[in-house]
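Residue-level structural notes
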Amino acid sequence: MKRTCLVSALVFVGSLLAMAQMHRYSVNFGLSERDFVDTIPIRFVDNQLYVEVAMEDGSTRLLNFDTGSSQGMVYYGGPLDTGEELGNIVSRDANGRKDTVKVVRLPAFRLGRVWVSNYVVSVIPRPPGLRKFDGILGFDLVNKGLLCKIDVRNERMILTDRRKFFDGEEGFDVKYKLRWFVPHVWVSPFMRHVDEALFDTGSPPLYSMNKQSFDRHAYKSKNVESQVESRSRGHLAIGNYGAEQVDEVAFLKLDRLKWGDFSFLHVNSLTTQGGSRVGAALLNYGSLIINPLKKRMTFQPYNGTDTCLVENRQFNMAFVPVGGRAVIGLIRETCDEYRQGLRQGDVIESINGEEIADFQQFVNYRFVKGETYTLQVVGPEGVRKEIKSVRR
């Protein structure tokens, strides 16, 4: 999912969380091998995890591995929207929006050296701003009994059906539970406070916090409020069926985020209307073992200690699609663009004189870090403004 941004602009693309009408057909896929261990090359681009699979017809397809999706997904009109149709289900995205989608069984494909057969996927419209990959491998890849180790530093993912293969490896464990067939872990963003978060490799940031959960924590402790840098109104998370609702957003600078006995220090985060999430940025700091048999995740930090310093950049602006156009979904009141008059709800009409007709054209615009861009925008009341913005 491509992150094209001005001044730390942000787009969250949510995951398919659940299938409410399950199932008049089997969702158990088959594997060509048993008692195997396979090392699979992976790509890690813009905090997103990709694998290539080989199809029976000799073609290769790029798939995003998304633990926030309960099963695989492909896109209407795409190269994988060709499998055997099985029926329809009601699905819910990460923002809680629902839709009815069709379900297909993909032709067999090879992942590493192992052939996967009868893999069931839902078919959805391609979300706006999505990076050009062909589909998603969901959490069912491991939830059906495969153990997985993700190591982005060495660009590899190890898959095995051997129950004890990773038992001798050390690291920092957290248990997870399945909710809507996807893994939820418990992390601690504040002293003496625990937050339940979806472990979602389809979400790039290290951590984002549900606003209602944040409000409950803030009510209990002054320590929570002390880690709020600023507040604004807007929305930023884009699910498969639309953006979240406009509401207050708190910009957070967390002293630490605890994963079991491991601490991520100085983490910039913010609140969203969707559920709390631990995202794929975690994989920048260590490898991760997922054991579905014990419902346990083991984080193995690359630095070999029990802490790491994050100090990620805080977000200033977010862009969302509204009516097909690129719109300011969120803007931080301390940023220079806000002081120039840019506001939530403003529509991007052009960049450096080039017309921006839709959200996808905005996402595909070739920004250069350090360059200054002139944005022509129009507000909800029809007032046009010219804004200078530096690509951070």
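Each chain has its residues counted from 1, following the order in which its sequence is written. Residues qualify for local features only when their pLDDT is at least 70, as the model is predicted, and side-chain atom pairs are given and counted only at 80 or more; totals for whole chains, interfaces and linings, by contrast, use all residues. As a rule here, side-chain values come from all non-hydrogen atoms in the structure, and water together with hydrogens is ignored.

1. Considerations on the overall build of the protein
Spelled out, the test is: Going along the chain from the N terminus, every DSSP run of H or I of four or more residues is numbered as a helix, and every run of E of two or more is numbered as a strand. Any residue under 20% of the maximum accessible area for its type is buried, any over 50% is exposed, and the rest in between are partly exposed; the area is computed with a 1.4 Å probe on protein chains only. Contact criterion: two residues are considered in contact whenever any of their non-hydrogen atoms come within 4.5 Å of each other. Only the protein chains shown count as cover for residues, with accessible areas throughout obtained via the Shrake-Rupley method and a probe of 1.4 Å.
Of the regular secondary structure elements, the protein holds 5 helices and 35 strands. The buried share of the protein, reckoned over its 392 residues, is 58%. Across the protein, every contact between residues at least 6 apart in sequence was considered, and the portion connecting residues at least 24 apart equals 65%. A total of about 16400 Å² of accessible surface is found on the protein, and carbon and sulfur atoms cover 45% of it.

2. Examining the pattern of salt bridges
Heads up, the rule is: Every case where a carboxyl oxygen of Asp or Glu lies within 4 Å of a side-chain nitrogen of Lys or Arg is listed as a salt bridge.
Applying the stated criterion to the full structure yields 20 salt bridges. Two residues, Lys 211 and Asp 215, come together in a salt bridge whose shortest N-O distance is 3.0 Å. Highlighted residues: Lys 211 and Asp 215, both in helix H2 (residues 211-220), separated by 4 residues, approximately one helical turn. For Glu 248, the salt bridge identified is with Arg 231, shortest N-O distance 3.1 Å.

3. Remarks on H2
Convention followed: Note that the arc is computed from the directions linking the helix axis to the C-beta atoms. Between N or O atoms, a polar contact is any pair within 3.5 Å; within protein, one atom must be a potential hydrogen donor and the other a potential acceptor, and residues adjacent in sequence are included only when both atoms are from side chains.
For H2, the full list of buried residues reads Lys 211, Ser 213, Phe 214 and His 217. One side of H2 carries all its buried residues, which in axial view fall inside an arc of 155 degrees. Residues of H2 that are exposed and point more than 90 degrees away from the buried face comprise Gln 212, Arg 216, Tyr 219 and Lys 220. With a side-chain oxygen positioned 3.1 Å from the backbone nitrogen of Gln 212, the residue opening H2 is Asn 210.

4. A word on the nonpolar core
Formally: Remark: nonpolar core denotes a set of buried residues (Ala, Val, Leu, Ile, Met, Phe, Trp, Tyr, Cys) joined through side-chain atoms within 4.5 Å.
In this structure, Leu 111, Trp 259, Phe 264 and Leu 282 are the most contacted members of the largest nonpolar core, which totals 63 residues. Considering every element that reaches this core, the biggest residue donor is strand S24 (residues 247-259), with 5 residues. Sequence-distant contacts of Leu 111, defined by excluding residues within four places in its chain, comprise Asp 38, Ile 40, Val 51, Glu 52, Val 53, Val 116, Leu 137, Leu 141 and Leu 159. If you look at the next biggest cluster of nonpolar residues, it comprises 19 residues, including Met 317, Phe 359, Phe 367 and Ile 387.

5. With respect to the side chain of Ser 232
Topologically, Ser 232 is positioned in strand S21 (residues 228-234). Ser 232 sits in the buried class, given a relative accessible area of 7%. Polar contacts involving the side chain of Ser 232 include one to the main-chain carbonyl oxygen of Ile 331, which spans 3.0 Å. Look past the residues within four positions of Ser 232 in its chain and what remains in contact with it is Asp 247, Glu 248, Val 249, Phe 251, Leu 330, Ile 331 and Glu 333.

6. Structural notes on the environment of Phe 139
Here Phe 139 is to be found in the loop between strand S14 (135-137) and helix H1 (140-143). Using a relative accessible area of 0% as the deciding quantity, one classes Phe 139 as buried. Put simply, Phe 139 and Pro 292 are 153 residues apart on the chain and 10.0 Å apart in space, counted from C-alpha to C-alpha.

7. Focus on the packing of aromatic side chains
To be explicit about the condition: Centres within 6.5 Å make a pair out of two Phe, Tyr or Trp rings, where for Trp the six-membered ring is used; the pair is then stacked when the planes are under 30 degrees apart, edge-to-face when over 60, and tilted otherwise. Whether a charge sits over a ring comes down to the Lys NZ or Arg CZ being within 6 Å of the ring centre and within 35 degrees of the ring normal.
Taken as a whole and judged by the stated rule, the model has 20 aromatic pairs. Where Phe 139 meets Tyr 176, the ring centres are 5.9 Å apart and the plane angle is 80 degrees; that geometry is what we call edge-to-face. In this pair, Phe 139 is assigned in the loop between S14 and H1 and Tyr 176 in strand S17 (residues 172-179), connecting sequence segments 37 residues apart. As far as burial versus exposure is concerned, Phe 139 and Tyr 176 are alike and both buried. Each residue in the set Phe 172, Phe 199, Trp 259, Phe 262, Phe 264, Tyr 285 and Phe 299 is aromatic and connected to the rest through ring pairs, giving one cluster. Positioned above the aromatic ring of Tyr 302, the side-chain terminus of Arg 153 is 4.1 Å from the ring centre. Note that Arg 332 overlies the ring of Phe 251, its terminal NZ or CZ placed 5.3 Å from the centroid.

8. A closer look at the pairing of strand S4 (residues 37-41)
Rule in force here: Strands were regarded as paired on the criterion that DSSP finds at least two bridges between them.
Here S4 shows a buried face lined by Asp 38 and Ile 40 and an unburied face lined by Val 37, Thr 39 and Pro 41. Bridge count for S4 against strand S16 (residues 156-160) is 5 bridges, and the pairing is antiparallel. Looking at the pairing, Thr 39 lines up with Ile 158 of S16.

9. Quick look at the confidence of the model for the protein
In plain terms, the rule: Per-residue confidence from the predictor is reported as pLDDT, which spans 0 to 100.
Of the residues in the protein, 88% have a pLDDT of 70 or more, and the chain-wide mean is 87. Here residues 1-23 scores under 50 on pLDDT; set against residues more than four positions off or in separate chains, the count is 117 contacts.

10. Some points on the environment of Asp 66
By secondary structure assignment, the location of Asp 66 is in the loop between strand S7 (60-65) and strand S8 (72-75). For Asp 66, a relative accessible area of 0% gives the class buried. Looking at Asp 66, its side chain comes within polar contact range of the main-chain nitrogen of Gly 68, at 2.8 Å. Within polar-contact distance, the side chain of Asp 66 engages the backbone nitrogen of Gly 202 at 3.1 Å.

11. Examining the environment of Val 103
With respect to the helices and strands, Val 103 occurs in strand S10 (residues 98-105). Look at Val 103 and you get buried, because its relative accessible area is 0%. Measuring from C-alpha to C-alpha, the distance between Val 103 and Asp 81 comes to 9.7 Å, with 22 residues separating the pair along the chain.

12. Digging into the pairing of strand S31 (residues 325-331)
Counting buried residues along S31, 6 of its 7 residues qualify, which places the element largely inside the surrounding structure. Relative to S31, strand S30 (residues 317-322) runs antiparallel, the two being bridged by 6 bridges. Bridge assignment links Val 320 to a residue of S31, and that residue is Val 327. Hairpin connection, S30 to S31: the antiparallel pair is bridged by 2 residues, and Gly 323 has positive phi, about 60 degrees.

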